[in-house]
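Analysis of the macromolecular model
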Number of protein chains: 2
Amino acid sequence: MAGSCTLPLSYKIQNSFVPSLCISKASPAFPMRTSTQFPSRFLTHACFKSKSTTLSVSAAGTSFTWDDVLRISQPESLPDDPSDISGFFQKVKICNRGSEKQSEFLPFVIEDEIVGYLHNGFAQHLKRFKDVFFFPRDDSYGGRIGAHVTLHPMLGKPEDRTGAVGDVVKCLGEELIPGIRNELYPVKSSFGSRVFFSLERAAAPYFGIKAYGVQMNGYIERNGQKLLWIGKRSQGKATYPGMLDQLVAGGLPHGIACGENLVKECEEEAGIPRSIANEAIPVGAVSYMDIDGYRYKRDVLFCYDLKLPESFRPENQDGEVDSFKLIPARHVANVIRRTQFFKPNCSLVIIDFLFRHGYMKPEHFGYLDLLQSLRSGDCS
Amino acid sequence: MAGSCTLPLSYKIQNSFVPSLCISKASPAFPMRTSTQFPSRFLTHACFKSKSTTLSVSAAGTSFTWDDVLRISQPESLPDDPSDISGFFQKVKICNRGSEKQSEFLPFVIEDEIVGYLHNGFAQHLKRFKDVFFFPRDDSYGGRIGAHVTLHPMLGKPEDRTGAVGDVVKCLGEELIPGIRNELYPVKSSFGSRVFFSLERAAAPYFGIKAYGVQMNGYIERNGQKLLWIGKRSQGKATYPGMLDQLVAGGLPHGIACGENLVKECEEEAGIPRSIANEAIPVGAVSYMDIDGYRYKRDVLFCYDLKLPESFRPENQDGEVDSFKLIPARHVANVIRRTQFFKPNCSLVIIDFLFRHGYMKPEHFGYLDLLQSLRSGDCS
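Residues numbered from 1 in each chain as written. Chains lettered and ligands numbered in written order. Predicted model: local features only at pLDDT ≥ 70, side-chain atom pairs only at ≥ 80, totals over all residues. Heavy atoms only, no water.

A separate point is the packing of helix α3 (residues 86-94) of chain A against helix α10 (residues 344-356) of chain A. Between two packed helices, both the angle of their axes relative to each other and the distance between the axes serve to describe the pair. All names here are of chain A. Direction vectors running N to C along α3 and α10 enclose 135 degrees, while the axes themselves pass 8 Å from each other. Taken as axis vectors, α3 and α10 run oblique relative to one another. α3 and α10 meet at a crossing whose hand is left-handed. Touching Phe 88, Lys 91, Val 92 and Ile 94 of α3 are Pro 344, Ser 347, Leu 348, Ile 351 and Leu 354, all from α10. Residues that form the contact of α3 with α10 fall into these classes: seven nonpolar, one polar and one charged. (Axes fitted to C-alpha atoms, helices over the stretch in contact; angles between N-to-C directions. Helix = DSSP H or I, 4+ residues; strand = E, 2+ residues; numbered from the N terminus. Parallel < 35°, antiparallel > 145°, perpendicular 65-115°, else oblique. Left-handed = near helix turned anticlockwise from the far one by under 90°. Contact = heavy atoms within 4.5 Å. Nonpolar A, V, L, I, M, F, W, Y, C, P; charged D, E, K, R; others polar.)

See the structure below:
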């Protein structure tokens, strides 16, 4: 995994705002600029270092203020072209790393269905648990799936599988699977299909199972202009501390419907009462697939919009959000294009909002490619 | 090509409104019911006959009234389950026929780029035009593309290609390529790429070139409820006479930007003045690929929403629309689910509207599959 950003001093230009695009290799599908210049104090904190064409997100030590956000959000703060959508492409790319490494993963199969993918290296760690994991020969299923990993045939019931795999995850320890949350995700081949067992949330990307979440853009309309409520994550968060976030977002645990989960998250994250949260409307989904070392994320985020009363002020209840600001959607677009201040997958959900609310135009070069890229992962 | 619908008499049940799903073979990706029962007078006119799993659209003689539309749009007119989205799936499938026949087509290549696909049978008709079309051996381009069709190397300039291919289209005659419109479509490999030449619109599916259009849902908001303006096509239209349509829709000819084309179509189709049409917002795109005999449609429709003043009344200017009605979006959804009254590709644009405006729920079985299916074609 690439480390945090430590760019050479020559890049550190005081008080100069130019696009914060850190990728040096542009692919034809993702037209990008090569310039990499942040205001100096952002350079070592908020920036992401590129290693060849893949990017790694460094969450540690992110440190920028709302003043920084508001300044760079202003159209006039940079002489860039607002019809240039390459900055959006880059944010999509950050969520979709390592597709060239898919061959390093083995399908994780249960009852003939592929439910996940395990890195060859990670699979080695599982081989010693012979009463839990099973490594059939390449020609099983008539060669249709090839080499793969499955569970021991004795583990026929969901609760037995949940217990056995849960014990393995504990046994492997924080060193291999850090950040145990004691929250269970369902293991299934697609959203509507049956649940084979449940798995610790932190382990989901190591088993390459599909993970689902709900993310909501909260906005108000004032004088025909839309303004988005943006959150700044608490510095104490284990992941992406201090970074910008949707008003409300959360993973979808086992056994709760999307709409109900959203209402719960609305209350916890922004103090939105049920009476208002019920007005949130589902508007589609984004997806991505991200390979990083042993981790293979295959995420689908159900997107929601909530038009809030002008008078409403969000208040975080669970300590996970530091503060909120109301920012014109056009300015939020600039923050996404120009910086990496947002937690990466939030960018996708906001870009989707920008598409649906008319902030993107077919006349912008790359419009259809960008639209398609919002569902780069298996959206099922 | 399958003919118009001539269902057996046993299906003709007087005054019985049950879902109008004509497909008898359901695939796992498209869960469908097998029942096919229209009010009798719709059966032989508005219905589409299925031949194995492919469908053919019969436009001739479509005859239903606004009363029929309004009646079947009412929630209580049928005891069906509104969370059952199989009726929407079927409409997507009607726009995406014949994918199993892709192998019958040869790539149409210009300057190393695939710009279209020609049916083997249609290609035979082109072989006699030896100074226009060229059939290289399979191993050209190092075998990368294989057998394909291209233009004669002497035709190096766009205007020469346009002229030469245009002459061939005229020469082939109405029998092979019916409905000449004297309107040119650009030939290119994707939306933003360069134009190699221009081709008569009616010939586009025979050359399998990508075609683009703009389609707009016009709606008003009343008491927090959205109502869509729906058009009924003139009985004199060559294609899909008498069927339901978006408020505004049109193909994208060569040399005009999407937004400008939309404003033009707004004026022609619904008498919407530029001052209002300029308020339309681009909201994404849908795509489909449809193989029917020699025709390979690869269409991308840019979708727009326009929130209209409550007082506005559309008025058709070009004689292509018979009349308009304002119908609650929820009721329009019922018309799409339950009938085939809409011109097929309009259904996709309205289903997209239903997704973006919260009329579809992640809790509905098949939500993600349906969302994905709206861009079944190459959306580039």
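In the numbering adopted here, UniProt assigns the feature "domain: Nudix hydrolase" (unreviewed entry) to residues 211-352 of chain A. Taken end to end, residues 211-352 of chain A comprises 25% helix and 42% strand; its first and last C-alpha atoms sit 19 Å apart. (UniProt positions renumbered as here; feature names shortened; annotations may be inferred.)

This brings us to the relation of the copies chain B and chain A. Placing chain B over chain A gives an RMSD of 0.0 Å and needs a rotation angle of 180 degrees, together with 0.0 Å of translation along the axis. The superposition of one copy onto the other is thereby described by a two-fold rotation axis. Within chain B, the C-alpha atom positioned nearest to the axis of rotation is that of Arg 356 of chain B, 3.6 Å from it. Of the residues that chain B buries at the interface, 100% are likewise interface residues in chain A, meaning the two copies contact each other through the same surface. (Least-squares fit on C-alpha atoms with pLDDT ≥ 70 in both.)

This brings us to the sheet that holds strand β6 (residues 149-151) of chain A. All names here are of chain A. Within the open sheet, the four strands sit side by side as β4-β3-β6-β5. Their pairing is mixed. Bordering the open sheet on either side are β4 (113-119) and β5 (133-134), each of which pairs with just one other strand. Both β5 and β6 contribute to a ladder of two bridges, which runs antiparallel. Considered in β6, the bridge of Phe 133 is made with Leu 151. (Pairing = 2+ DSSP bridges.)

To continue, consider the interface of chain B and chain A. Where interface size is quoted, it is often the accessible area lost as the parts come together. Taken together, the contact pairs 31 residues of chain B with 31 residues of chain A. Around 2,400 Å² of area is buried between chain B and chain A when both sides are counted, 62% of it from carbon and sulfur atoms. Connecting chain B to chain A are 12 residue pairs in polar contact (both at pLDDT 80 or more). Those elements that provide at least two residues to the side of chain B that touches chain A are α7 (258-270), β13 (281-292), β14 (295-307), α10 (344-356) and α11 (367-373) of chain B. (Buried area = accessible area lost by both parts, 1.4 Å probe. Polar contact = N/O pair within 3.5 Å; in protein donor to acceptor, adjacent residues only side chain to side chain.)

Residues and elements named next belong to chain A. Enumeration according to the criterion identifies 38 salt bridges over all chains in this entry. Among the salt bridges present, the one from Lys 210 reaches Asp 378, with a minimum N-O distance of 3.4 Å. Of this pair, Lys 210 sits in strand β9 (residues 210-222) while Asp 378 is found in the segment after α11 (367-373), placing the two residues 168 residues apart along the sequence. Judged by its relative accessible area of 40%, Asp 378 falls in the partly exposed class. Measuring nitrogen to oxygen at the nearest pair gives 3.7 Å for the salt bridge that ties Glu 265 to Lys 264. Of the residues examined, Lys 264 reaches a relative accessible area of 32% and is grouped as partly exposed. (Salt bridge = Lys/Arg side-chain N within 4 Å of Asp/Glu carboxyl O. Buried < 20%, exposed > 50% of the residue type's maximum accessible area, 1.4 Å probe, protein only.)

Glancing now at the sheet that holds strand β4 (residues 113-119) of chain B. Residues and elements named next belong to chain B. One open sheet accounts for four strands, arranged β4-β3-β6-β5; its pairing is mixed. At either margin of the open sheet sits one strand with a lone partner, and together these are β4 and β5 (133-134). In terms of strand pairing, strand β3 (residues 105-110) meets strand β6 (residues 149-151) through two bridges, oriented parallel. Bridge pairing in β6 links Val 109 to Thr 150.

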